[in-house]
Amino acid sequence: MTLRIGCTADDFTGGTDVAAAFRRAGLRTALVFGTPDGTTALPADCDAAVVALKSRSTPADEAVADSLAAQRWLWSKGAAQVYFKYCSTFDSTDRGNIGPVTDALLDAAGAAVTLHCPASPPNGRTVYQGHLFVHDQLLSDSPLRHHPLNPMTDSALVRLLSAQTRHQVALIDWHTVRRGVQAVREALVAHQQSGVRHVVADALTDDDLAVLGAAALELPVVAGAAGLAEGLGHAYPAAGPAAGEPLPRGGRAAVLAGSCSARTLEQIAHFHAAGLPSLRLDVLAAASGRDVTGEALAWYERQDPELPVLVHASASPEELAAVQARLGVAEAAARVEELLGTLASHLVERGVRRLLVAGGETSGAVTTALGIRTVLVGEEADPGVPWTHATTGAGDVALMLKSGNFGAPDLFTRALETTGKAT
Ligand SMILES: Nc1ncnc2c1ncn2[C@@H]1O[C@H](COP(=O)(O)OP(=O)(O)O)[C@@H](O)[C@H]1O
Ligand SMILES: O=C(O)[C@@H](O)C(=O)COP(=O)(O)O
């Protein structure tokens, strides 16, 4: 079996998002969590494989090593092109990891130039004059300025990326993109000849991303969010519409949320307003040694088994700042991730078979705790938020990994209701 395209994603929900994009483009797509090794198998007849790493917020040298291992494994499976999927809100800091990882992938491939575009129009992310917008706001005016790990306080992509690489960064503007595939190819060549390695492109619509995908088809490494991945997918000879992956149905349902993103907070409020049972974890109490996991499990056992439950650590920007001031950013995040990962294992052992996880880092922690390595990607409940079919030691689980800012406000209740019905 030979892959048409391989992808390394810098977090687990980014992995599900980009896998859904390849699937929409007609490519049969498998998703592998964590660095693959010689024993990692792919389901037969895959056109695309996505390796979802937890490399967005790790030290840059670790992110580079993991991404290079993923690239080598994807090459070993036949992928000629490797897509580096990062966040549509360009989540990173001056230390990386977008610049260092892209440079390492390019060095390993012996490639001189790459195209970047974080636009993801179905989720309101567009790039104009090199500035990233989230719906009608500049990235730096959006709620992403309060992100717990990488607050985004600048929207200028050339400047953001230049801080993360020693190579030159330049822009292909929207007017060039509108002139079509040939114009973009010529601009790429011109930039490469003048010594530029990272070319950021504007894109406002899926049509723009289709142009960019077609222009980038021959590049060994391409980088961006799910939108450009779909554009590239469409540029490959179509494999036909992907078959829906049948999902496990029934069983108890739970939502675990560690995302503090504005959209997750709305989804939590919607769940609460629907009168469904929810529990907020006390992070400071856990840090002071209280058995918060045991208390949460006792709470879970008292709930009506017919109803979905929500357990979350999510907090408003002010509450988050207070916890981080007490524990430190990394320690607070690690504490929350450990709590939610442990809870996920206990809940699946106790019969949860429909599990929705909110937050990229949180999804990494939960999937790792459940020992899930490979999933098949099924229907999307909302753009970029597909159900997946996962196998755990305790049984098969319908698993949804949701990026913090993705999904409609009613996603939790709607998605769990759908999987609750027998087929
Ligand atoms: N109450 C809290 N106090 C401190 N950190 C928290 C709290 N709740 C969540 N976090 C941390 O915030 C981070 C949210 O990131 P993530 O799960 O990727 O969500 P998103 O997808 O919204 O970015 C996680 O590392 C999580 O552990
Ligand atoms: O590209 C995107 O926006 C998402 O796929 C993604 O990576 C979001 O990150 P999290 O909000 O941290 O899940």
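As annotated in an unreviewed UniProt entry, the protein carries the name 3-oxo-tetronate kinase and is attributed to Streptomyces poonensis. A UniProt comment under Function (unreviewed entry) is attached to the protein, and it reads "Catalyzes the ATP-dependent phosphorylation of 3-oxo-tetronate to 3-oxo-tetronate 4-phosphate." Here is the UniProt Sequence similarities (unreviewed entry) comment for the protein, exactly as written: "Belongs to the four-carbon acid sugar kinase family."

The next subject is the layout of surface pockets. Gaps between atoms show up when a probe of the same size as a water molecule is rolled over them. The volume enclosed by the largest pocket comes to roughly 660 Å³. Contributing to the lining of the largest pocket are 43 residues, with His147, Pro148, Gly258, Ser259 and Cys260 lying nearest its centre. Among the secondary structure elements, those contributing two or more residues to the lining of the largest pocket are α1 (12-24), α10 (283-287), α12 (317-327), α13 (329-349) and α14 (360-370). Per-element tally for the lining of the largest pocket: the top contributor is α13, with five residues. Partitioned by chemical class, the residues of the lining of the largest pocket number 17 nonpolar, 16 polar and ten charged. In this structure, the lining of the largest pocket is formed jointly by two domains, domain 1 (5-235) and domain 2 (252-418), each of which donates at least three residues.

With that out of the way, let us pick up the packing of aromatic side chains. All told, the structure shown has four aromatic pairs when counted by the stated rule. An angle of 75° between the planes, with centres 5.5 Å apart, marks the rings of Phe84 and Tyr86 as edge-to-face. Between Tyr128 and Trp174, the ring centres sit 6.4 Å apart and the planes meet at 65°, which makes this aromatic pair edge-to-face. Of this pair, Tyr128 sits in strand β6 (residues 125-128) while Trp174 sits in helix α5 (residues 174-178), and the two are 46 residues apart along the sequence. Linked through ring pairs, Phe84, Tyr86 and Phe90 together constitute an aromatic cluster.

This part is about the domain arrangement of the protein. Each assigned domain of the protein is listed with its residue range as follows: domain 1 (5-235) and domain 2 (252-418). For domain 1 and domain 2, the distance between their C-alpha centres works out to 27 Å. In this complex, domain 1 contributes 33 residues to the contact, which on the side of domain 2 involves 34 residues. Between domain 1 and domain 2, roughly 2600 Å² of surface is buried when both sides are summed, and carbon and sulfur atoms account for 60% of that area. Summed over the three residues of domain 1 that lose the most area to domain 2, namely Thr13, Phe33 and Lys54, the buried surface amounts to 23% of that side. In this structure, the connection of domain 1 to domain 2 is made through four salt bridges. Here Lys54 and Glu361 are joined by a salt bridge, their closest N and O atoms 3.0 Å apart. Our count for the domain 1 to domain 2 interface comes out at eleven residue pairs in polar contact (both at pLDDT 80 or more). Going through the elements one at a time, α1 and β2 (29-33) are the ones with two or more residues in the side of domain 1 that touches domain 2. Per-element tally for the side of domain 1 that touches domain 2: the top contributor is α1, with nine residues. By residue class, the composition of the side of domain 1 that touches domain 2 is 15 nonpolar, eleven polar and seven charged.

Scoring rules and cut-offs
- Throughout this description, residue numbers start from 1 for each chain and increase along the sequence as written.
- In the order they appear in the text, chains get letters beginning with A and ligands get numbers beginning with 1.
- Per-residue local features are limited, in this predicted model, to residues with pLDDT of at least 70; the limit for side-chain atom pairs, both in listing and counting, is 80 or more; totals at the level of whole chains, interfaces and linings are taken over all residues.
- To obtain the side-chain values, all non-hydrogen atoms of the structure were included, while hydrogens and water were left out.
- UniProt positions are given in the numbering used here, feature names are shortened, and annotations may be inferred rather than shown by experiment.
- A 1.4 Å probe that fits into a set of points on a 1 Å grid over the protein atoms alone but cannot get out defines a cavity; an open set with protein on both sides within 12 Å along at least five of seven lines defines a pocket, and lining residues are those with an atom within 4 Å of a point.
- Grid points are joined across faces, edges and corners, and a volume is the space filled by probe spheres set on the points.
- Working definition: helices are DSSP H or I runs of at least four residues, strands are E runs of at least two. Numbering for both runs from the N terminus.
- Any residue outside Ala, Val, Leu, Ile, Met, Phe, Trp, Tyr, Cys, Pro, Asp, Glu, Lys and Arg is labelled polar, Gly included; the first ten of those are nonpolar and the last four are charged.
- Where each domain starts and ends follows an automatic or database-derived domain assignment.
- The rule is short: rings of Phe, Tyr and Trp, with Trp giving its six-membered ring, pair when the centres are within 6.5 Å, and they are stacked under 30 degrees, edge-to-face over 60, tilted in between.
- Any two residues whose heavy atoms approach within 4.5 Å are treated as being in contact.
- Two parts placed together each lose some accessible area under a 1.4 Å probe, and adding up what both lose gives the buried area.
- Note on definitions: salt bridges are taken to be side-chain nitrogens of Lys or Arg within 4 Å of carboxyl oxygens of Asp or Glu.
- Contacts described as polar in this section are N or O atom pairs within 3.5 Å, which, within protein, must combine one atom able to donate a hydrogen with one able to accept it, while residues neighboring in sequence count only if both atoms come from side chains.

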